[in-house]
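Commentary on secondary and tertiary structure
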Amino acid sequence: MNEKHRLTVSLLKLFDLVIVVFSFALTTIGIVKAEHGITLARFLSLRTRVANLGILVLALLICHTVFKFCGLYRSRRLSRRRNEIVDVLKAMTLNTACFVALSSLFSIQMLTTQFLALFWVVSTLLLSIGRFTLRIVAARLRVHGRDLRYMLILGTNPRAIDFARRVSSDPELGYRLLGFVDDDWPGIAAIKKTKFQVVSDYAGLAEFLRRNVVDEVAIYLPFGSFYRHSFEVASLCQQHGINMRFNSDIFGLRTTRWRAEEFEGDQYIATYTGTNELGPRTVKRMLDVIVAACALLLLSPILAVAAVAIKLTSPGPVFFLQERMGLNKRRFKIFKFRTMVPNAERLMAVLEKRNEVTGPVFKMKNDPRITPIGKFLRRSSIDELPQLLNVLLGDMSLVGPRPLPVRDYEGFNEDWQRRRFSVKPGITCLWQVNGRSGISFDQWMLLDLQYMDEWSLWLDVKILAKTLPAVLRGTGAA
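What comes next is a walk through the structure. Counting restarts for each chain, with residues numbered from 1 along the sequence as it is written. Where local features are concerned, this predicted model is filtered to residues with pLDDT of at least 70; where side-chain atom pairs are given and counted, the filter is 80 or more; whole-chain, interface and lining totals use all residues. Excluding hydrogens and water, the side-chain values take into account all heavy atoms of the structure.

Attention now goes to the overall build of the protein chain. Looking only at helices and strands, the protein chain features 17 helices and eleven strands. The classification of residues rests on relative accessible area computed with a 1.4 Å probe and restricted to protein chains. Under 20% of the type maximum is buried, over 50% is exposed, and intermediate values are partly exposed. Split into buried and exposed, the 478 residues of the protein chain put 39% on the buried side. Residue contacts follow a heavy-atom distance rule, with two residues in contact if any of their heavy atoms lie within 4.5 Å. Counting only contacts in the protein chain whose residues sit at least 6 apart along the sequence, the fraction spanning at least 24 positions is 70%. As displayed, the protein chain offers around 27,900 Å² of accessible surface, 61% of which is attributable to carbon and sulfur atoms. Only DSSP runs of H or I with at least four residues qualify as helices, and only runs of E with at least two residues qualify as strands; both kinds are numbered from the N terminus onward. Each accessible area is a Shrake-Rupley result for a 1.4 Å probe, and residues are judged covered by the shown protein chains and nothing else.

Bringing the sheet that holds strand 3 (residues 198–200) into the picture now. In sheet architecture, strand pairing relies on hydrogen bonds along the backbone and comes in two forms, parallel and antiparallel. Two strands qualify as a pair provided that DSSP identifies no fewer than 2 bridges between them. Strand order in the open sheet formed by five strands is 3-2-1-4-5, with parallel pairing between adjacent strands. Of all the strands in the sheet, the pair left with one neighbour each is strand 3 and strand 5 (243–246). Ignoring which end each strand starts from, the neighbouring axes of this sheet average 35 degrees apart. Sheet topology places strand 2 (residues 175–181) next to strand 3; two bridges connect them, and they run parallel. A fitted line through C-alpha atoms serves as each axis, taken over the contacting stretch for helices, and the angle formed by two N-to-C directions is quoted from 0 to 180°.

Turning to the pairing of strand 1 (residues 149–154), a few remarks are in order. Counting buried positions along strand 1 gives five out of six residues, so the element sits mostly inside the fold. The sheet contact formed by strand 1 and strand 2 spans six bridges and is parallel. Paired with Leu154 across the bridge in strand 2 is Val181. A crossover connection joins strand 1 to the parallel strand 2 through helix 6 (residues 158–168); in handedness this β-α-β unit is right-handed. Pairing geometry for strand 1 and strand 4 (residues 216–219), over four bridges, is parallel. Within strand 4, the position partnered with Leu152 by the bridge is Val217. Orienting the strands away from the viewer, one traces the path from the first strand over the helix to the second; a clockwise path indicates a right-handed crossover.

This brings us to the side chain of Gln387. In this fold, Gln387 is placed in helix 14 (residues 387–393). The class for Gln387 is buried, based on a relative accessible area of 0%. Contacts of Gln387, omitting those with residues within four sequence positions, involve Ile334, Phe335, Lys336, Met396, Arg402 and Ile427.

Helix 5 (residues 113–143) packs onto helix 4 (residues 81–106) with a crossing angle of 150 degrees between their chain directions and a minimal axis gap of 10 Å. As the angle between them shows, helix 4 and helix 5 are arranged roughly antiparallel. Read as a crossing pair, helix 4 and helix 5 show a hand that is right-handed. Contacts from Arg81, Glu84, Ile85, Val88, Leu89, Met92, Thr93, Thr96, Phe99 and Val100 in helix 4 reach Leu116, Phe119, Trp120, Ser123, Thr124, Leu127, Ser128, Arg131, Phe132 and Arg135 in helix 5. For this classification, Asp, Glu, Lys and Arg are treated as charged, while Ala, Val, Leu, Ile, Met, Phe, Trp, Tyr, Cys and Pro are nonpolar and the rest, including Gly, are polar. For the contact of helix 4 with helix 5, the per-class residue count stands at eleven nonpolar, five polar and four charged. Angles below 35 degrees are treated as roughly parallel, those above 145 as roughly antiparallel, those between 65 and 115 as roughly perpendicular, and all remaining angles as oblique. Here a crossing is called left-handed whenever its near helix is offset anticlockwise from the far helix by less than a right angle, and right-handed whenever the offset is clockwise.

A few words on the packing of aromatic side chains. We call Phe, Tyr and Trp rings a pair once their centres come within 6.5 Å, taking the six-membered ring for Trp, and we label the pair stacked below 30 degrees between planes, edge-to-face above 60, and tilted otherwise. Summed over the entire model, instances satisfying the criterion amount to twelve aromatic pairs. On the numbers, 6.0 Å between centres and 75 degrees between planes, the contact of Phe441 with Trp444 is edge-to-face. With Phe441 and Trp444 both in helix 16 (residues 441–453), this residue pair falls three residues apart, about one helical turn. Like Phe441, the residue Trp444 is buried in the burial classification.

The next subject is helix 4. Counted at 1.5 Å a residue, the expected span for helix 4 with its 26 residues is 38 Å, and the 37 Å between its end C-alpha atoms agrees. For helix 4, every residue scored as buried is listed here: Glu84, Asp87, Val88, Ala91, Met92, Asn95, Thr96, Phe99, Leu102 and Ser103. What a helix should span is 1.5 Å times the count of its residues minus one.

In this section: the nonpolar core. Within this scheme, the nonpolar core is defined by two criteria: the residues are buried Ala, Val, Leu, Ile, Met, Phe, Trp, Tyr or Cys, and they are joined through side-chain atoms within 4.5 Å. Counting 43 residues, the largest nonpolar core has Phe337, Leu377, Leu388, Trp444 and Tyr451 as the members making the most contacts within it. Among the elements that make up this core, the one with the highest residue count is helix 16 (seven residues). Those residues within four positions of Leu377 in sequence are excluded, and the remaining contacts are Ala306, Ile310, Phe337, Arg338, Thr339, Ile382 and Asp383. Within the second largest apolar cluster, 24 residues are counted, among which are Ala59, Val88, Leu102 and Ile108.

Within the chain, Asp147 stands out as a residue other than glycine whose phi angle is a positive 55 degrees. Owing to a relative accessible area of 41%, Asp147 belongs among the partly exposed residues under this scheme. Its identity as a non-glycine residue notwithstanding, Ser381 has a phi of 65 degrees, on the positive side. In this structure, Ser381 sits in the loop between helix 13 (372–379) and helix 14. In this structure Ser381 comes out as buried when scored by relative accessible area, which is 13%.

Here the focus is a nonpolar patch on the surface. Only residues whose relative accessible area exceeds 30% and that take part in no salt bridge are eligible for patches, with like-charged residues grouped when within 9 Å of each other and nonpolar side chains (Val, Leu, Ile, Met, Phe, Trp, Tyr) grouped when within 5 Å. What counts as a salt bridge is simple: a side-chain nitrogen of Lys or Arg found within 4 Å of a carboxyl oxygen of Asp or Glu. A surface patch of nonpolar side chains, about 410 Å² in accessible area, is lined by Val283, Met286, Leu287, Ile290 and Val291. Structurally, the position occupied by Met286 is in helix 10 (residues 278–298).

For the rest of this paragraph, the subject is the side chain of Thr428. Its location among the elements puts Thr428 in strand 11 (residues 426–428). Look at Thr428 and you get buried, because its relative accessible area is 5%. Two N or O atoms form a polar contact when they lie within 3.5 Å of each other; inside protein one atom must be a possible hydrogen donor and the other a possible acceptor, and for residues adjacent in sequence the pair counts only when both atoms belong to side chains. Only 2.8 Å separates the side chain of Thr428 from the side chain of Thr467, close enough to count as a polar contact. Each residue touching Thr428, except ones within four places of it in the same chain, is listed here: Leu398, Val399, Gly400, Ile463, Leu464 and Thr467.

Function cannot be read off these values alone, since they describe shape.
Quick look at the structure:
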């Protein structure tokens, strides 16, 4: 990182803290004036205690730490505007949550719900406008030849050429493509059909780096067959202090994401599927606990009536506990209201040949094991409500792929289907709102994977909103 970049980042950090202070002051003035009729001049003349200044400094330190944690100061040259705004939203949401904790810890009466909500809106809006403005200014400077970075690409395969096209087609990114580095091979002919050129082979790369301005090297070499070249290039770039850029998809894994990690001074690249970001996962868990607890409280009369009805209409226990496959195939006991005769699982072998669905799962519309009250409980999905206890215990989430019995899992014959177990199972998911048990097994698995690949908190909210109408219609319930 050069001195100019360090200065820019330092000014950006100062700018963000000034915005936070300005937003806090603006929110305070607005609420104080609205509630007490105090003018701006009168407000500014009020004395401030040393303790309050200490709390303000602590709050600013928290904001600075959260901004760094959310990645607001890493290079954004190749990232989209939307991604940066999303990170601002995450940062200010986390900061506001920290302010709630500060309010409880120091008994700060002015940090009311109204105040914090207005502060979140004002600060998020101002920070987003600031970031957007800085992007416009940076883009204009780069278009006019300032803040440029000179890039060299290693490899001439289709992915390297596609990357070159995308980078060079947008002058606002501020990249000047020097060319490609590769030895002669049949595929190099593809370069001749483009505006790009090969400027060196691997033997001449060291001399090229000595004689030319190179800020970044993008490496698009096959991982296995060109490991030696990659190692030599990485060593050269390290010696010259040149930034390296790798394509994370070195194994061709389309649905796998990656992140950098450090362990005892060593750097690692960790891959994962679904979401693995701490912030969204924490919010999802908080929503699970809050909604599940409230639902159990509000639905307790229905749960009590269902329990009494089961006990009075058929012999056996009220609850059905079954071992299911959870996160990464961890086994847990699922809670359901019993809707079948007590020996239902032992009768399964007799009914296997009457299975009405494809795949390893078992479904029958007129399953003789189901009790009269059980039919109503299944059709209304009341039998699923005890799973709210599993949500509170952490075995399940409100939204996620349905937890399958061990019997069904052992019938899987495709490994791609098992990826659904890499996230916590849920009470409802896409398949419940897209036909429920009326869809095929393969469609069910594809919908689970679609949920994982497209996951967001907003998607969970939409699925929860669509689940109730689907349950009331009773479409596909078995």
